[in-house]
Amino acid sequence: MTDTAGTSIDAGRRSTGTVRRPALSPSRAGDFKQCPLLYRFRAVDRLPEKPTKAQVRGTVVHAVLERLFALPIDERLPERAEALLEPCWQELSADQPAWTALFTGPDDPALAEWLGSARRLLAGYFELEDPRRLEPEACELLVETELDSGVLLRGYIDRIDVAPTGEIRVVDYKTGAAPRAIGEGKALFQMKFYALALWRLRGVVPRQLRLMYLADRQSLSYTPDEAELRRFERTLDAIWQAILRAGRTGDFRPNRSRLCDWCDHQAFCPEFGGTPPTYPGWPEPVAPDETPLDRAD
């Protein structure tokens, strides 16, 4: 398989002045599958959402693990990871008032408890693997590629390991509990998205997709194949075409489910007696990427 012309594996490091086409990310594709109206609220209207402590904790833990792998191999120890935690929190939250508003201040007992829960997640990571035995090719990598149909894929990968033989492993850290059927399906959708992007970029199907559930100290591994990724590519094509059809008309239908219990936008949803904002039109040429909170489970 050959790479698509013009693809980039480091697109996110381009100048902020670069015009970027709307792209499909794992989070936004998942939103549309779950509820087209949720996709509109997040990707088109860009309605604000209140972050949760769990989301912010996941973002901070991901940042700690990224910085852990930037250390020399012999320094990748549990105590170094723990020492990175509070500086990461302070740095990431410095320009995020909504994050600091989750606590009453630095002396809030809830903050100490929250940091303690993040330390337990980091301890769970060290029970799953020894980072001194690994040298990842990349951490928190933004990948971007265009499918033959013209769909632009864009997403972040927590970690890529490449064996001396060239085999690729895609690793994703999950800071929530190991999922039941719905959650596992969403996680595998995300991982297949990354596998497809890497296949298109490098011409190699990743050997393994590994989900690491830090809270439960569990790992799930999956081996994709080329035929499966071709089918998945058709799925993403169909999702994008459905998004474009809805975008032309503004007809993003709500899809009520148990997941509505966790939605911030019930006040604007017809399923709950609300009225959506006036449709602003399709956001050309720029559509939002995933945020760090999107990537936290």
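For the structure itself, consult the block above.
No experiment lies behind these values; they were computed from the predicted model shown.

(A) Fine view of the packing of helix α1 (residues 26-34) against helix α8 (residues 226-249). Following both chains from N to C, one finds α1 and α8 inclined at 70 degrees, their axes separated by 10 Å at the closest point. Considering the angle they form, α1 stands roughly perpendicular to α8. Contacts from Ala29, Phe32 and Lys33 of α1 reach α8 at Ile239, Ala242, Ile243 and Ala246. Of the residues contributing to the contact of α1 with α8, the split by class is 6 nonpolar, no polar and 1 charged.

(B) Molecular detail of the side chain of Lys174. Inspection of the secondary structure puts Lys174 in strand β3 (residues 168-174). For Lys174, a relative accessible area of 7% corresponds to the buried category. At 2.9 Å, the side chain of Lys174 forms a polar contact with the side chain of Asp172. Here Gln190 takes part through its side chain, which lies 2.6 Å from a polar atom of the side chain of Lys174.

(C) Expanded view of the pairing of β3. Burial runs high along β3: 6 of the 7 residues are buried. Pairing of strand β2 (residues 152-162) with β3 involves 4 bridges; the strand directions are antiparallel. By the bridge assignment, Val162 is partnered in β3 with Ile168. In this structure, the hairpin formed by β2 and β3 is closed by a connection of 5 residues, where Gly166 is found at a positive phi of approximately 95 degrees.

(D) Spotlight on the pairing of strand β5 (residues 218-222). Pairing of strand β4 (residues 208-213) with β5 involves 5 bridges; the strand directions are antiparallel. Residue Met212 lies in a different strand from β5, and its bridge partner there is Ser219. Between β4 and the antiparallel strand that follows it, β5, lie 4 residues; Arg217 among them carries a positive phi value of about 55 degrees.

(E) Highlighting the packing of α1 against helix α2 (residues 36-44). It is the contact of α1 with α2, at a shortest axis distance of 5 Å, that shows an interaxial angle of 140 degrees. The angle between α1 and α2 places the two elements in the oblique class. In this structure, α1 contributes Arg28, Asp31, Phe32 and Gln34 to the contact, and α2 contributes Pro36, Leu38, Tyr39, Arg42 and Ala43. Classifying every residue of the contact of α1 with α2 by side-chain character gives 5 nonpolar, 1 polar and 3 charged.

Here is what the cut-offs are and how they apply
Residues numbered from 1 in each chain as written. Predicted model: local features only at pLDDT ≥ 70, side-chain atom pairs only at ≥ 80, totals over all residues. Heavy atoms only, no water. Axes fitted to C-alpha atoms, helices over the stretch in contact; angles between N-to-C directions. Helix = DSSP H or I, 4+ residues; strand = E, 2+ residues; numbered from the N terminus. Parallel < 35°, antiparallel > 145°, perpendicular 65-115°, else oblique. Contact = heavy atoms within 4.5 Å. Nonpolar A, V, L, I, M, F, W, Y, C, P; charged D, E, K, R; others polar. Buried < 20%, exposed > 50% of the residue type's maximum accessible area, 1.4 Å probe, protein only. Polar contact = N/O pair within 3.5 Å; in protein donor to acceptor, adjacent residues only side chain to side chain. Pairing = 2+ DSSP bridges.

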